[in-house]
Amino acid sequence: MKVYNTLSRQKEEFVPLEEGKVKMYVCGPTVYNFIHIGNARPMIVFDTVRRYMEYKGYEVNFVSNFTDVDDKIIKKAMEEGVTAQEISQRYIAECKKDMAAMNVKPATSHPLATEEIGGMLEMISTLIEKGYAYPAADGTVYFRTRKFEEYGKLSHKNLDDLQAGHREIKVAGEEKEDPLDFVLWKPKKEGEPYWESPWCQGRPGWHIECSVMSKKYLGEEIDIHAGGEDLIFPHHENEIAQSESCNGKIFAKYWLHNGFLNIDNKKMSKSLGNFFTVREISEKYDLQVLRFFMLGAHYRSPLNFSGELMEAAKSGLERIRNGAENLKHLSKNAREGQIDPKEQGIWEESQGFVAKFEAAMDDDFNTADGISAIFELVKFINTNVDGDSSKELLGNLRERLCQLCGILGIIAEGKEEILDVEIEKLIAERQAARKEKNFARADEIRGLLLEQGIILEDTREGVKWKRA
Ligand SMILES: [Zn+2]
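What you see is a predicted model; the values in this text were computed from it and never measured.

A. Local environment of the domain arrangement of the protein chain. Along its sequence, the protein chain is organised into domain 1 (2-258), domain 2 (278-407) and domain 3 (420-467). Facing the 30 residues of domain 1 at the interface are 29 residues of domain 2. Surface buried jointly by domain 1 and domain 2 totals about 2700 Å² across both partners, of which 59% is contributed by carbon and sulfur atoms. Joining domain 1 to domain 2, the criterion identifies 5 salt bridges. With a closest N to O distance of 2.8 Å, Asp47 and Arg291 form a salt bridge. The interface formed by domain 1 and domain 2 includes 19 residue pairs in polar contact (both at pLDDT 80 or more). Among the elements of the structure, strand 1 (2-5), helix 1 (37-55), helix 3 (84-101) and strand 10 (252-258) are those that each provide at least two residues to the side of domain 1 that touches domain 2. By residue number, the principal contributor to the side of domain 1 that touches domain 2 is helix 1, which donates 12 residues. Residues belonging to the side of domain 1 that touches domain 2 are distributed by class as follows: 16 nonpolar, 5 polar and 9 charged.

Have a look at this one:
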């Protein structure tokens, strides 16, 4: 299996540190709002990497954090007049719902930054002891960037170029020894959450969080560290500097980064009004469509999101689901009995699509070609099975198709989730039934919705509903 390593800028053969095991860390979101579709891409992409590794027989320890203390969280808390914790807890819960709807598996561990402060104080202290960090007079602790000689090795940046870029933005009053130094710990401001430390009451910088959580849950050396390409610099570069200076070991063997996501060929931004949350997308599409759409491109390529492309993804996914549905349908009335020699040939030929799928995925997780192999398998199935096929062949092909889809986290068959518009329609129908005193029908509709996991609540303001 080959993976593209940002560190070496080439595809390398994947060799885990420990045979049969993969230790993988993916930087998670800062939780101050619903996640947007830019957040969804690394979640979907690296969940797929994990699933493929598991399919190959690796035991994957997959860690992904939530950054639950941050300027944006604090700002939102102040706007709403609630605690920062209330904001982060709320959006962690919402994020987990979206992840489930995108069929992103829960991580082995989902550590929270605020629960790992002890480890951060410890790592910062070690860095100070080793001369890699220093506290300034106001209690801010900085990392001494130039002291880490390999700084820039991930982003392939040169310290002197960085220095030149920094000259103009030197902030007055900052007590850094060098403009390149970055924050490990910062003093609290009025009304902000804080923790005690040897340097001041304050909170950690963002980069130290990941170094500490990765170390605690996976160890000092890990196989894969991943995230969006916007994290390469400075976040991942700083993580490397901290971890390798502290531990004296190579932090991560392979660095994987997914490409940007654009909306209608423009950068997604709130000011351009082309900003979508995953929740908004879910009102229009089954989130399996979003997943299928994202995997239709190579993870390192920039990806353009548009309504047209989502419609194309939707019909592509339907084609696969129809293939699975057809097998299920034929199977109902199929003859009992085993595969005959002719069918044996069909079965063996179908193995070729699995090989094609694996070859694509072994080549740096080329999900786009993997999906093409699945389409070819569907076409092959449609032309080679009919009402005369044996139950065994139909069943085996169905299993093969569902397995390949499952590696991509795509559910080829199963209960379709009911759409919001359909729910509203049924609720309106139930209201009408009640008005006509047709309580039997009204109850029937309530039961129907409940079967789909929709809970109704009759309130003074009208009927409210939620997904269980
Ligand atoms: Zn991180």
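B. Representation of the coordination of the zinc ion within the structure. Here the zinc ion is held by the protein donor atoms Cys27 (SG), Cys210 (SG), His235 (NE2) and Glu239 (OE), which lie 2.0 to 2.7 Å from it. In primary sequence terms, the donor set of the zinc ion follows C-x182-C-x24-H-x3-E. Within this pair, whereas Cys210 is found in helix 6 (residues 206-218), its partner His235 is found in helix 7 (residues 232-247), the two being separated by 25 residues in sequence.

Each value, and the rule that gives it
Residue positions are given per chain, counted from 1 along the sequence in the order it is written. Local features in a predicted model are, by the rule used here, given only for residues with pLDDT of at least 70; side-chain atom pairs are given and counted only at 80 or more, and totals for whole chains, interfaces and linings are based on all residues. Hydrogens are left out, water is left out, and the side-chain values use all remaining heavy atoms of the structure. Here the limits of each domain have been adopted from an automatic or database domain assignment. Here a residue-residue contact requires only that any non-hydrogen atoms of the pair lie within 4.5 Å. Two parts placed together each lose some accessible area; with a 1.4 Å probe, that loss summed over both constitutes the buried area. Note on definitions: salt bridges are taken to be side-chain nitrogens of Lys or Arg within 4 Å of carboxyl oxygens of Asp or Glu. Polar contact is the term for a pair of N or O atoms within 3.5 Å; when the atoms are in protein, one must be able to donate a hydrogen and the other to accept it, and sequence-neighboring residues count only if both atoms are side-chain atoms. Numbering goes from the N terminus for both helices and strands, where a helix is a DSSP run of H or I of at least four residues and a strand is a run of E of at least two. Residues are grouped as follows: Ala, Val, Leu, Ile, Met, Phe, Trp, Tyr, Cys and Pro are nonpolar; Asp, Glu, Lys and Arg are charged; every other residue, Gly included, is polar. Donor selection uses N, O and S atoms within 2.8 Å of the metal (3.2 Å for Na, K and Ca). Since no water is included, sites may look incomplete.

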